[in-house]
Structures are given as structure tokens and as C-alpha cells.
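Spelled out from the first residue to the last, the chains are:
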Amino acid sequence: MPKFRCIVIPGIRYLTLFPTLSKVTAALAFGLLFTSPLTRPALADEPAHFTFTSWTTRDGLSSSYLLSLAQDRDGYLWVGTQAGLVRFDGQRFSTWPRAGAFPSPNPLINAILPARDGSLWVVAGTHVIRERDGQLTVFAPGNGVPQATRILIESHDGTIWAGGTGGLARFRGDTWQMVEITDAAGAVVNALHEDDQRHLWVSTAGRIYRQEGERFVRMPAVVEGAVRFVEREGTMLVASATSRLNVLGLEGAARSTSLVSLPLTDGNAPYAWGRASWRDQALPALLDSRGNLWLGTNGAGLLRIDVSQGRVISRYTERDGLSGDLVRALLEDRDGNIWVATHSGLTRVTRSSIRSVAVRSESTAEDISTLEADSSGGVWVEAPGALVHVADGTRTVFTEGAGAQFDRITAMHTDLHNVLWVATGDGRVVRHVGGRFEAVALPRDFGEAPVSAIASHPDGRVWMYNGRQLLAMHPEGGGTDVSRQPQAITGPIRFLFADSRGRLWMAADNARIGLLEGGAFRMFTSAHGVPAGTPYGIHEDRTGRIWIAGDGGLSTLQDERFVTLTMANGLPRNRLFFVTGDDHGRIWLGTSSGLVRVEREELKESLADPHHQMRLQLFDVSDGLRGTPVVRGYPTAARNRDGIWFVTSTGVALIDPANVRDAFPPPVPRIEQVLVDGQSFTVSPDSRLPRDVASLQIEYAALNLTAPTKVRFRHRLDGVDAGWVDDGDTRRTVYAHLPSGTYRFNVAATGGDGRWTGDAAVWTFVIPPQWYTTNLFYGASAAVLILGIWGSYQLRVRQINRRFTDVLRERARVAREIHDTLLQNLVGMALQLDTVARTEDTSGLRDEVSRIRLQVQESIAEAQQSIRDLRSPRTELRDLVTRLRDSAGPMLEQAGIDFDLNITGTPRPLETHVEQQLLRIGTEAVVNAMRHAEASHVRMELAYERSNVRLKVTDDGHGFNPDAVTRDDGGHWGLSIMRERAEQVGGRFSVASQPQHGTIIEVVAPGGTPA
């Protein structure tokens, strides 16, 4: 592996194509080509700072070995890998295509071309594939397609050109055809480019051709190996794979006038870009919109070249955040980001608004507590064990000053005269004047406690606070003034601040803010709107308004009361670590989400309207911020002529408010995918979903390749959501069991500055009604219901008529019984008694009366039998519980057997025959316990369950073996009868017994209420 170094191009060499030109002439020619106003790089001399963000297979790439890059008209980034094609929206990688498949699984994607008609061309392995409207068309090698295509471009007229092994081909209409190059037929085409004059440039090994009409003219240039064309304002840069950057000057109608070669050397030997085996592999080259030339290398990383000065400005490798040092493709997107495809992943190179400043070492991961800027453009930083001054790229480290050890600094402040005041933990105070530190003599009555806060008064006095007292000192000999801490400030003062009106502000940790003005002291507490929590910073804006940042948000005094702006007003967090401003009156805030800039107008609107959502700009990792703002002391932010310096979790950062990238317009949201019950659903206008959708998942995105982490979403489903639903950075929403109807789904996006897309992405869909929710079903159901009611009514009428008929029939039977028995007997006896009453012979009267008495007894017996055949009125009035107690209780009591009757559940009327059979079974069980078991205790349980009635009779008698009992053993007919009675009512009968262990008889019968 060769060793690579960053180099500077010291001079220019001329090509022997023009032997009459001297070196001076070649240099002058080169200068003329690149020093005109049209071709000078806009920012060639500007120091540039870049942020590198990389992705690998861990982030969703199908392979980390990348081969090609492209951006389509919608803004998506397409990445060709060794394992297929993926699409990137800035946040997620999606394997492509979603429908269909390439001819071979996981092919090498050597080239990608998004065409202007919306189709996508891909070189997958040896095949050329077109994807249009979701349909794939595969073109195999041969039949007009090169044997091994490596390059695809689209010319101004929509023609697709392909180059590779076997020559040059073009696609017109629906067919491919080979294009012959006069003296390079069948040669390997390694570069294609269409210039601004609509001429096609072709490069083969060592030769360059330009299209003239239907033929190709060889240009007077000789290059070694594969090349890349880079056009720049009428000049063609040709990047060679063999360590050379060739500059081809064009004149008039793009005719060759000269060729100047720039060997990339370090003074002696050519700069080694790669091995000889890469001679035929063109190295990627890109001229960005700022005039910088980017060159990828085969193992040496990424070069940024200032072409106008002929020098390499920077070289970036894996140590700078590049995903790999072997670069395969370069692309500049619409936002100006440089995308680098390497053998180890994908990298985005973004111009940084924020840069990290090394304090004690080149590493920026430093534990910094506090800082203070001076007016000379430098900054004083408290680092562990030292005080460091950083200015103009140089660092000066102080470990002590005037006897004060800088191992624990308790307060630091730069006054109005650019003098630094430093207080240390041993109670000393020193100041830096004239390049050296000098001790500050404090009055004796001030005490020896360490100074924890310092501030400058407009009249030149310096205020100090040591935890108990305030000291006002005149540095130029005006004396000192010591006063006690105001009694209302009960907690330690976190910071002092003297505003332009001479007022002294002091803030404590217990939601108390003090104001000393003209010798009078005022205290503001939570009763005056001071938010709870710790204050961390204070700032006076250009209008004289005081802003205080802390745990509760951003507060300001308005009409003698503090008003606080929070997340409810659009801030990303309530906890703010510092507040400062810039020359335009904008407020800058440090939060755990990043650095926030708020315009003055937004602040005014929020103070006038508490419900106003501020538009603001967030600066985070995508802007070069490493780590997040933190607070370890005071102050943690300061401003000077270079910009705003602030403490982060990794060290110190600097942002120049006058040179930051403005917020991009709100990203346009789009619906990416719809899943219906987990299955992908094709989205179209007025989509018709299946019936009975249990789960509807809608996925959406908003393209932002520069700062995807800032994108926020909100959605609304008309008819379901009462208003907009804030999704944060979530890119999907789910609805469950939506009823049938027509729906309109809306999704909007913001780039993090509070501006939402004016036109939200809208999708209208219909969920058809279920068959049981249609009008036809409702009509049929109504008809069935009416028929059911009518049928039930007719059935009920028939039941009533049948019962009435039964009652009449029974009454007639009873009448007949009475008439045929009792009435007839009574009539007969009445006649006999009448005869006896008329006779005068009394000799046989006794016999006659005896005979009548016998007839009366027979009539009584017949009446009793008739009554027994009828239902007893007393039985009708008694429930099952009473009948069981009246039946079993007296028998057992007369026999001297203990009896318990236990009822569970709520007693309810049962069918007549069910009650009769349960009564008979219970009575039979009790009789068996008396006759056969010789029991001393009988327990009866009657349980009214949900749909059954359970009767259980338990005795402690001799017991028996139920399996040995048969129907013919003569002594146990009762068991069979009880079982038959249970079966007659549809119940279940069981008996459990063992010799000398008693008997359990149980029956479960239907417990429905009598009809």
C-alpha cells in the first residue's frame, strides 16, 4: 500500500503537443484561462469548514461498497452498491425496486441515470434496465447495448447514451443502436459528457472525441488512462486516472486551442493516486457550485483543489469523517452538499455554519467549564487546570497568574475596557492588563470568600459578589463600596449583570430575581411570573430589553411582570443554557437540541400573543455542531467580532451569525407507502380500500438531504382528527377500525424553523360499507324484524288460546267429576234423607242411617281421589324450598335425625314438572337415608345457578357400593326411579357413596323460569 500525503501544486508544466510554447507562455495561457471574472472561484480564498456525516450497512445500506450516485428530479438520492440499488430520502434507505426484480439478485449497480421524463435508468451487472411507472424493462448485452456498460448520460434531446466495453450506444424511441466512432470502433468508452454547446464528448483510452453532427471528431489531446470530464465556463477539465489534471481550453465553437497539463507533485515525484491496476478506472471529479474542484482518489481520500491557484486546498480522509479513503463517485445535490461514495460507505460533506475550536489539543472532546470573549477576536476559556486564550489560530495556556492558581476558577468577566477579571477558589482576584496578570487588592471588610460573580457597570465600576456581600470597585482609583447581600435574596446568586441603564441584575436559584437601581432594590418572585428552576444566562438586546434563559424557558420583564416563552411558543426545549444576540437584534439560545436563532419580529409577536408559534432556525449536527450546548459554569456563551462562542459537551464552538446558511424552504411532504392490514397498498387519487379494514398505516416523508433530523411532521384525517396532530420526527401514523366512508388524509412538514408547507400532501380514500351497513340490508332487516314481531305475536296468541282452551277443558273435566261423583251422591243421599224424614216407622231408622253414612264415606273417598288428581291450591302457593322443608323436615325430626337445608343463589319459580320431580327425588333421598343408611345427619343443598338448579342430598350413614347395585337386587329401586325422574326433565343424576362413608345424591336440572 503506497503512503499518501496532502500536497500543493507548485507550478505548471506544458504539454509537448505545442513544442514552440515556452513554460512562460504555457503559464500565461493557464492564467488567462482561470483568472477572468467569469471563471474565478467565488470562495477560493475563503477558509471553509465542512461537516462529514457517513452511513454504512448499519444504517440501512445493502452494501457499504458503493459504485455510483445520482439525484432524481424529486430530490431523492440514488445509491448504487455491490448488492443492488437503494434510494435515500435523507433519513431512510429503501431497497429498489419495490415491485419486480433485477435479472440477478444483488447486482453491481455501475451507473444510475434519472431521466427528465421521470424514468430511471440503471446499469445492473451487464444489463441496462429502465424503470418507468413501476414497470421494469431489461435490455441485455447485444442488440445495440454495449457488452459491459459503465456510463449513462442523457443529452439535451432526451437521447440516452451508454458507453463501456464494446463502444458507444444510444437509445431512441424504444430501441438501442450502436454508434460508430471513426477510428475507435469497438474501443472501451470510459467517459461521456455533453457540454453547454450541446456537443457530446467521448473518451477512449488515450483519446478524446467531440461530436459534430452525426460524426465524432478527434480532439488534439492525448491523455493517459480513463478520464472524467468537468466543464467550467467554456473550459474542459480532464481528470486522468494517472495522476494528472489536464486543462483543455475551448475557443469559440468549442474548438481546441491549447492543452495544459498540471502534474500533481510534491516537488519531486508524481502524487500517487492509486495502483497501476486502476489505470482504466476513471477517478471521480466534480466542480461544485462554489468553484471548488473535488477529486476522488484510489486510497488517498478526497482532494479539494483551487484550480485558479493550481493548488490542493485540503485533503480529507477517514480521520476527518470520510467513510473510506477509496472514492468511487462524487455528486453535488441541489442544496450544495457533496456526496462521496467510497468502498466503505456513503458520506455527506456539508459546509458548516458552526466550527469546533481546539483549546488545549487538536481534539475537540474537551471538558470546558466557562468562557469569556474579548474585543480583539479572541476568547478566554477555562479548561481543566488552566486558563487558555485562543486567538487567530494560536493558543496561549496559563496555569497561574499573579500568584493565583487557575486550577479552580469561580468567576470570569471581561469589562468595558477589554480587561479580563478572574476569580479563583482561594479567594484571589486577578486581572489581565497589557499582556500580563496582576493581583487585585480587595477591601478587608469584603471577606475572603471566593468571588462567584462579576459584572461591569457602564460608569466603569466592576461589581463582585462573594456569596454574602456585593462589592463595587473603581479600577481607576475611584474607591470601593461594599454592601451586604439584599435580605430578599435568600439563595446564592448565580450571576450579576449590569445593563446599559446602570441597573444591576442578580439571579438566584430559587426563582428570585433582584434588581438594584439607583440605590433602591426590588425583588421579583414566582408571584411576579419568575419561572421555577435555575437561571443560566442573561442578555440585553438592542432595544434595552432584558432576556433571562433558564430551566423554565426564555423570560423578560414586561409591565412589571415576567413573561416566559416556552415550548408552547415553538421553542424546541424549555431548558435554555444561554442567551445572547447578534448585530441584527436576533436572539440566540443554547438548548440540548442545538443552537436556536429567533428573529426580533417573532419575539414581539409571542409577547403580544401567548399562543403564537415562533418561527426559528435550529443549528445542530447537520450544521457542524459537535455535541450539544451544556452549562457547567457562567458564562457559557460570549460574543465578539468573530461571532458567538459557546461551550458544548465536546469543547468550544464558534458560529459567525453573519455567515450562516439560511433555513431551506419547508420540505414538501409526500406519502411514501400505505399498508392495509399489513399488506402494501397502491396509492392513487380516490383510492378504494377493502371493506372491514382493521389497521391502516400511512408512511410519509419529506426530502431534506442536508438536515433530515430537523424535519417535523403533522397530520390530520378529516372526520377523525379534530385538528392537526403533531408527529415530531415520526414518519408514520396508524388508524384502527375506521368505519366506512370517504376520508381525506393531510400531512404537512417543516424544516425545523416553524414554517409549515403551505400545501399539505393529500390523499383521499374510500372505505366501502359492509353488507350489513347498506340500505338494502337495513330494509331487509326491518322487514325481517316486522315479520318476526308479527310471527311472535301470532305464536303468542296461539299459546294463549291453547292455554285458555286447556283451562276450559280442565274446568269442564272438574265439573264432570263433581257432577258424576259428589253431586250425584249428594242428590241421592238427599232423596234418601227426604224419604226417611217422611216415614212414620222408626224401627229401621238406625239401619237406614248407617247405610247412608257408608254412602257418605264412599263419596268422601271419591272426592278425595278427585282432589288428589287435581293440583292442590296449597301446592300452587308454596315454592320448592318450602315444599322440601315441609316434606323432609317432619319425617326426619320424628325419626330423631338432624336435618339442614342450605339455599344458595336467589330462589326463582321453576317449571311445574321440574319442581315436582325435584321434590320427589329429594323426598326419596331422605327416605332412603332413614330406611337404609341409618344416618344421624342429613344435609340438603339447593343451589340456584345461572341456568340450572342443583339439588344435593348428603347423609353420614353406612353408605354402599353404587357399582354393585343393580335393578334386580330388590332393595334399591329408588335409585333407578330417581335417575328416571331426572332424565324426564332433561337433568343429570349422580350418586357417590362408599361403605361406612355416607352417600351423596346430586341432580342438576334446567332452571329456566316457567313460561
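Each value, and the rule that gives it
- Residues numbered from 1 in each chain as written.
- Predicted model: local features only at pLDDT ≥ 70, side-chain atom pairs only at ≥ 80, totals over all residues.
- Heavy atoms only, no water.
- 1 Å grid on protein atoms, 1.4 Å probe; cavity = no way out; pocket = protein on both sides within 12 Å on 5 of 7 lines; lining within 4 Å.
- Points joined across faces, edges and corners; volume = space filled by probe spheres on them.
- Nonpolar A, V, L, I, M, F, W, Y, C, P; charged D, E, K, R; others polar.
- Pairing = 2+ DSSP bridges.
- Helix = DSSP H or I, 4+ residues; strand = E, 2+ residues; numbered from the N terminus.
- Axes fitted to C-alpha atoms, helices over the stretch in contact; angles between N-to-C directions.
- Buried < 20%, exposed > 50% of the residue type's maximum accessible area, 1.4 Å probe, protein only.
- Arc of directions from axis to C-beta.
- Contact = heavy atoms within 4.5 Å.
- Phe/Tyr/Trp six-rings, centres within 6.5 Å; stacked < 30°, edge-to-face > 60°.
- Lys NZ or Arg CZ within 6 Å of the ring centre and 35° of its normal.
- pLDDT = per-residue confidence, 0-100.

Trainee: What is the right way to look at empty space enclosed by the protein in this model?
Mentor: Remark: the empty space left among the atoms is shown by a probe the size of a water molecule rolled over them. The final tally for this structure, using the stated rule, is six cavities of 30 Å³ or more. When its volume is computed, the largest cavity comes out at roughly 140 Å³. As for the largest cavity, its lining consists of 14 residues, and the residues nearest its centre are Gln617, Ala663, Phe664, Lys710 and Gly751. Taken together, the residues of the lining of the largest cavity sort by class into four nonpolar, five polar and five charged. Here the second largest cavity defines a volume of roughly 110 Å³.

Trainee: Help me out: how do you make sense of the sheet that holds strand E61 (residues 679-681) in this one?
Mentor: Two modes of strand pairing occur in sheets, parallel and antiparallel, and in both the strands are linked by backbone hydrogen bonds. Taken in spatial order, the four strands line up as E61-E60-E63-E66 in an open sheet, and their pairing is antiparallel. This sheet does not close on itself; its edge strands, each paired only once, are E61 and strand E66 (732-736). Direction aside, the axes of adjacent strands within the sheet are offset by 30° on average. Two strands pair when backbone bridges link them, and strand E63 (residues 695-702) and E66 are joined in this way by five bridges, in the antiparallel orientation. The residue bridging Ile698 from the neighbouring strand is Thr733, located in E66.

Trainee: For this particular structure, what's the right way to read helix H2 (residues 600-608)?
Mentor: Given 3.6 residues to a turn, an α-helix orients residues that are three or four positions apart in the same direction. Looking only at H2, the buried set comprises Glu602, Leu603, Ser606 and Leu607. One side of H2 holds all its buried residues, which, seen down the axis, span an arc of 135°. Residues of H2 that are exposed and angled more than 90 degrees away from the buried face: Lys604 and Ala608. Looking at the buried residues of H2, the elements they touch are strand E50 (546-550), strand E51 (553-558), strand E52 (561-565), strand E54 (587-591) and strand E55 (594-598).

Trainee: Even after reading the chapter, I still don't get the packing of aromatic side chains, so can you show me in this structure?
Mentor: Aromatic rings in a pair are described by how distant their centres are and how their planes are angled relative to each other. One pass over the full model with this rule turns up 29 aromatic pairs. A ring pair is formed by Phe50 and Tyr316, whose centres lie 6.1 Å apart and whose planes are at 75°; its orientation type is edge-to-face. Taken together, the positions of Phe50 in strand E2 (residues 50-55) and Tyr316 in strand E26 (residues 311-316) put the pair 266 residues apart, joining distant regions of the chain. For the pair shown, Phe50 and Tyr316 are each scored as buried. An aromatic cluster is defined as three or more aromatic residues linked by ring pairs; in this entry it consists of Phe50, Phe52, Trp294 and Tyr316. When the ring centre of Trp724 is taken as origin, the NZ or CZ atom of Arg714, which lies over that ring, is 4.7 Å away. We note Arg716 situated over the ring of Trp724; from NZ or CZ to the ring centre the distance is 4.5 Å.

Trainee: How should I be thinking about the confidence of the model for the chain in this particular structure?
Mentor: Low-confidence regions, as indicated by low pLDDT, have predicted coordinates that should not be scrutinised in detail. Put simply, the chain has an average pLDDT of 81, and 81% of its residues get 70 or more. A low-confidence stretch, residues 1-47 (pLDDT under 50), is modelled with 85 contacts involving residues beyond four sequence positions or located in other chains. A low-confidence stretch, residues 967-971 stays under pLDDT 50, and its non-local contacts, those more than four residues away or across chains, total four contacts.

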